[in-house]
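Here are the chains, one letter per residue:
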Amino acid sequence: MTLAKIAVFSILVALLVALPACSKQKKASSEQQNPPAASTPGEGQSATTSTQQTSASPNAAQQPNGPRATDKYVLDLTNYAKVPVTVKVNGQWVGQWDNHANVPLDMVVKGENQLTVDLASQPQNTVTVNINTTRDGQGVTILSLNFQGQSGTHTSTFVAR
């Protein structure tokens, strides 16, 4: 072999050795940036858990400080429009319904509380949200909202004792 052929052969061998090493580094860095879509169940569970923890953190910051309300409060949803309605109290998920619902509100605290109602679309029929309690043996409506013809997110406050 001539000296020129040996030099070309050496360069080709060096390139062949270096090329797979570079592609492994690129593959490793792309896996860190974009994890594979298909994963084992154990990996998927840990990803879901971290997502739940991340989404729970902002809700915890929205909670008012204070002791739980001594009165028992209930959410009463009337939904003749069959529109999906999502409800949160003090940043905590209460539920999502497309029908009537009557749900106890354990997250209510003494003092001011924030109610967030999200309607997925504009209801063409009656959609009402009431916050009820019992005082001195009598049923009392603390807050009553009518969302017929309204869509989007609506926030209201009510005071509990």
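Scroll up for the structure.
As a further point, take the sheet that holds strand E8 (residues 152–160). Read from one edge of the open sheet, 4 strands run E3-E2-E5-E8, paired in antiparallel fashion. Each edge of the open sheet carries a strand with a single partner, namely strand E3 (92–97) and E8. Taking the axes of each pair of neighbouring strands and ignoring which way they run, one obtains an average angle of 20 degrees across the sheet. Judged from the 9 bridges that link them, strand E5 (residues 111–119) and E8 form a sheet pairing that is antiparallel. For Asn113, the partnering residue across the bridge sits in E8 and is Phe158.

The subject of this paragraph is the sheet that holds strand E4 (residues 101–105). An order of E4-E1-E6-E7 is seen for the 4 strands of this open sheet, with the pairing classed as antiparallel. Both edges of this open sheet fall to E4 and strand E7 (138–146), since each of them pairs with a single strand only. Strand-to-strand twist of the sheet, defined as the mean angle between neighbouring strand axes without regard to direction, takes the value 25 degrees. Sheet topology note: the strand E1 (residues 73–79)/E4 ladder contains 5 bridges and is antiparallel. In the strand pairing of E4, Asp76 is matched with Asn102.

Per the counting criterion, the structure on display carries 1 aromatic pair. Their ring planes at 45 degrees and their centres at 6.3 Å tell us that Tyr73 and Phe158 sit as a pair that is tilted. Taken together, the residues span a long stretch of sequence, with Tyr73 in strand E1 and Phe158 in strand E8 at a distance of 85 residues. Across the pair, Phe158 and Tyr73 agree in class, each one buried.

About the thresholds
Residues numbered from 1 in each chain as written. Predicted model: local features only at pLDDT ≥ 70, side-chain atom pairs only at ≥ 80, totals over all residues. Heavy atoms only, no water. Pairing = 2+ DSSP bridges. Helix = DSSP H or I, 4+ residues; strand = E, 2+ residues; numbered from the N terminus. Axes fitted to C-alpha atoms, helices over the stretch in contact; angles between N-to-C directions. Phe/Tyr/Trp six-rings, centres within 6.5 Å; stacked < 30°, edge-to-face > 60°. Buried < 20%, exposed > 50% of the residue type's maximum accessible area, 1.4 Å probe, protein only.

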